[in-house]
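Structural characterization, general
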Amino acid sequence: MQNIRQALPQDIPYLYSICLRTAFAGLDGTPYFNDPWCVGHYYAAPYFFWEPDLCFVALDETGKPSGYITGTSNTASFTSWVQETWLPPLQEHYKQDKEFKSDAEESVVKILLKGPGQGIWQNLGYPAHLHINLLPNLQGKGLGRSLMETFFAAVLEKGATGIHLGVDGRNTRAYGFYERMGFKILEQQSWGCIFGKTLV
Ligand SMILES: CC(C)(COP(=O)(O)OP(=O)(O)OC[C@H]1O[C@@H](n2cnc3c(N)ncnc32)[C@H](O)[C@@H]1OP(=O)(O)O)[C@@H](O)C(=O)NCCC(=O)NCCS
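Report follows, based on the coordinates.

Time to look at the packing of aromatic side chains. Under the definition given, this model contains 15 aromatic pairs. A centroid spacing of 4.4 Å and a plane angle of 20° characterise the contact between Tyr47 and Phe78, whose relative ring orientation is stacked. One end of the pair, Tyr47, is in helix 3 (residues 45–50); the other, Phe78, is in helix 4 (residues 75–94), with 31 residues separating them in the sequence. In this structure, Tyr47 and Phe78 share a single accessibility class: buried. Here Phe78 and Trp81 contribute two aromatic rings whose centre-to-centre distance is 6.2 Å and whose plane-to-plane angle is 45°, an arrangement assigned as tilted. Placement of the pair is Phe78 and Trp81 together in helix 4, with a separation of three residues, close to one helical turn. Trp81 sits in the buried class, given a relative accessible area of 17%.

Next up, the structure:
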């Protein structure tokens, strides 16, 4: 059975679920969130709606989506669309939220209310960015590499020759994976670091 394919609208519930279940520095975020949707509203779903041709899912042995890679080839355009179109209805709703189950939930809701900033790396040769997450049953089987290689080819076809991404400093496993995939640290942050890779 084919184990990677382009995401479909029918996969959206799985994108939200996988996003939550890997939301705590790569580990299951379920115990830390009252609202199971806020993480996916920011880190998964908008990418599918903005650039569905850059969203791919990995399927388990029953054909159920259990991992994904998602992102954009043009962070500047994506950021403008997210700020102007995607976030406002969500901000109306989340601005009422005052009770959080954890610091992790409070910080995601704060990010959602503020929106993404205009980062520097998109203007310094890394216009694309991505998010990749696999549930534990699909990890360590080469699917992370396959999703990455699929994304690299798709993003290159759209004219982007560099990718950046952010990693939580507690997620040391992901650091090792990105380095193996050819990413280098571009910038240290208080919360982790920004990695980058050029594709040509
Ligand atoms: C991080 C993650 C995407 C990696 O995907 P994966 O399917 O487990 O990784 P793969 O099995 O495809 O490994 C690909 C390569 O990276 C290497 N690798 C993986 N993790 C590594 C590590 N911690 N250190 C060094 N190398 C590593 C593998 O040995 C493999 O090398 P090879 O292809 O040259 O033989 C996946 O484990 C995951 O989704 N984890 C939970 C969510 C998460 O942390 N997402 C990232 C958030 S920033």
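Moving on to the environment of Tyr47. The class of Tyr47 is buried, set by a relative accessible area of 4%. Not counting residues within four places of it along the chain, the set of residues in contact with Tyr47 comprises Tyr42, Pro52, Thr70, Gly71, Thr72, Phe78, His129 and His131. In this structure the side chain of Tyr47 is engaged in a polar contact, spanning 3.0 Å, whose partner is the side chain of His131.

Our focus in this paragraph is the pattern of salt bridges. With the rule as written, the count across this model stands at seven salt bridges. Here Arg5 ties to Asp11 by a salt bridge, and the two come within 2.8 Å at their closest N and O atoms. Looking at Arg5, the relative accessible area reads 22%, which means it is partly exposed. Given the relative accessible area of 4%, Asp11 is considered buried. Ionic pairing is found between Asp168 and Arg170, a salt bridge with its closest N-O pair at 2.7 Å.

Right, let's talk about the packing of helix 6 (residues 143–157) against helix 7 (residues 172–180) for a bit. The geometry of helix 6 relative to helix 7 is characterised by a closest axis approach of 11 Å and an angle of 50° between their N-to-C directions. In this view, helix 6 runs oblique relative to helix 7, as classed from their interaxial angle. Between helix 6 and helix 7 the crossing geometry is right-handed. Judged by residue contacts, Gly144, Arg145 and Met148 of helix 6 engage Phe177, Tyr178 and Arg180 from helix 7. Its residues placed into classes, the contact of helix 6 with helix 7 shows three nonpolar, one polar and two charged.

The next point concerns helix 5 (residues 103–114). Over its twelve residues, helix 5 extends 16 Å from the first C-alpha to the last, a length consistent with the 16 Å expected when each residue adds 1.5 Å. Two or three places before Ala104, at the start of helix 5, stands the capping residue Ser102, its side-chain oxygen 3.3 Å from that residue's backbone nitrogen. Once helix 5 ends, the next one or two residues include Gly115, with phi positive near 85°.

Reading the values: the criteria
Residues numbered from 1 in each chain as written. Predicted model: local features only at pLDDT ≥ 70, side-chain atom pairs only at ≥ 80, totals over all residues. Heavy atoms only, no water. Phe/Tyr/Trp six-rings, centres within 6.5 Å; stacked < 30°, edge-to-face > 60°. Helix = DSSP H or I, 4+ residues; strand = E, 2+ residues; numbered from the N terminus. Buried < 20%, exposed > 50% of the residue type's maximum accessible area, 1.4 Å probe, protein only. Contact = heavy atoms within 4.5 Å. Polar contact = N/O pair within 3.5 Å; in protein donor to acceptor, adjacent residues only side chain to side chain. Salt bridge = Lys/Arg side-chain N within 4 Å of Asp/Glu carboxyl O. Axes fitted to C-alpha atoms, helices over the stretch in contact; angles between N-to-C directions. Parallel < 35°, antiparallel > 145°, perpendicular 65-115°, else oblique. Left-handed = near helix turned anticlockwise from the far one by under 90°. Nonpolar A, V, L, I, M, F, W, Y, C, P; charged D, E, K, R; others polar. Expected span 1.5 Å × (residues − 1).

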